[in-house]
Amino acid sequence: MKLSCGTDIIEIKRIKESIEQLGDKFLERVYTKKEIAYCESKKSQKYQHYAARFAAKEAGFKAISSKLHSKYDIGWKNIEVVNDENGRPYIHFLDIEINEIEEIDISISHCKEYATANVVVMWG
């Protein structure tokens, strides 16, 4: 069994500015429809949730990067961060096959200024 991990932190202000300046162009490049719907449902707190998902995607990429041939093998929308029925986040890979993952765990947190995420992968 091998473990790998990834972590990321981002200023919420950076994501907010990107969304305000680039609008749908930014959103549609980085987030899936499910992620956008979830974040938009958070109304005044939406930028915290967008930033948290951005950090989770970065952390997820870092955790699996040793299995990729190139950083170009995966895009923003290949990693989808969704919540289960209890509100716990998990990563769903779309249109990409990541072999040998036995288990993957994610933790997301955000406050007024920052969002952070940690991803741990157990390889088979």
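Everything discussed here concerns the structure shown above.
What comes next is a walk through the structure. Everything quoted here is computed from the prediction, not taken from an experiment.

**Focus on the overall build of the protein chain**
Then, in step 1: Of the regular secondary structure elements, the protein chain holds four helices and five strands.
Then, in step 2: Mapped in sequence order, the helices and strands of the protein chain form the string β-α-α-α-α-β-β-β-β.
Then, in step 3: For 124 residues, the compact-globule estimate of 2.2 N^0.38 gives 14 Å, and the protein chain sits close to it at 14 Å.
Then, in step 4: C-alpha extents for the protein chain along the principal axes are approximately 40 × 30 × 25 Å.

**Brief notes about helix H3 (residues 33-40)**
Then, in step 1: Buried within H3 we find Glu35, Ile36 and Cys39. Along the axis of H3, the buried residues cluster in a sector spanning 100 degrees; they form a single face. Of the residues in H3, the exposed ones pointing more than 90 degrees away from the buried face are Lys33 and Lys34.
Then, in step 2: The elements touched by buried residues of H3 are helix H2 (24-30), helix H4 (46-64) and strand S2 (79-83).

**Some details on unusual backbone geometry**
Then, in step 1: For Lys43, which is not glycine, the phi dihedral falls at a positive 50 degrees.
Then, in step 2: As for its placement among the helices and strands, Lys43 is situated in the loop between H3 and H4.
Then, in step 3: In this structure, Asp95 takes a positive phi of about 55 degrees despite not being glycine.
Then, in step 4: Relative to the helices and strands, Asp95 resides in the loop between strand S3 (89-93) and strand S4 (101-110).
Then, in step 5: You can call Asp95 exposed: its relative accessible area is 81%.

**Focus: the pattern of salt bridges**
Then, in step 1: Taken as a whole, this structure holds six salt bridges when the rule is applied.
Then, in step 2: Note that Lys46 and Glu40 form a salt bridge whose closest N and O atoms lie 3.3 Å from each other.
Then, in step 3: With a relative accessible area of 32%, Glu40 lands in the partly exposed category.

**Points about H4**
Turn by turn, an α-helix covers 3.6 residues, leaving residues three or four places apart pointing in a common direction.
Then, in step 1: Between its first and last C-alpha, H4 extends 27 Å over 19 residues, near the 27 Å set by a 1.5 Å rise per residue.
Then, in step 2: Most of H4 sits out of view: 16 of its 19 residues are buried.

**Some words on the sheet that holds strand S1 (residues 2-11)**
Through backbone hydrogen bonds, the strands of a sheet pair up, either in parallel or in antiparallel fashion.
Then, in step 1: Read from one edge to the other, the open sheet built from three strands follows the order S1-S5-S4, with strand pairing classed as antiparallel. Every other strand in the sheet has two partners, leaving S1 and S4 as the edge strands with one partner each. Taking the axes of each pair of neighbouring strands and ignoring which way they run, one obtains an average angle of 10 degrees across the sheet.
Then, in step 2: Both S4 and strand S5 (residues 114-123) contribute to a ladder of nine bridges, which runs antiparallel. Across the sheet, the residue bridging to Ser107 is Asn118, located in S5.
Then, in step 3: Of the strands in this sheet, S1, S4 and S5 touch H4, which is tilted by about 30 degrees from S5.

What counts and how
- Residues numbered from 1 in each chain as written.
- Predicted model: local features only at pLDDT ≥ 70, side-chain atom pairs only at ≥ 80, totals over all residues.
- Heavy atoms only, no water.
- Helix = DSSP H or I, 4+ residues; strand = E, 2+ residues; numbered from the N terminus.
- Rg over C-alpha atoms; globule rule 2.2 N^0.38 Å.
- Buried < 20%, exposed > 50% of the residue type's maximum accessible area, 1.4 Å probe, protein only.
- Arc of directions from axis to C-beta.
- Contact = heavy atoms within 4.5 Å.
- Salt bridge = Lys/Arg side-chain N within 4 Å of Asp/Glu carboxyl O.
- Expected span 1.5 Å × (residues − 1).
- Pairing = 2+ DSSP bridges.
- Axes fitted to C-alpha atoms, helices over the stretch in contact; angles between N-to-C directions.

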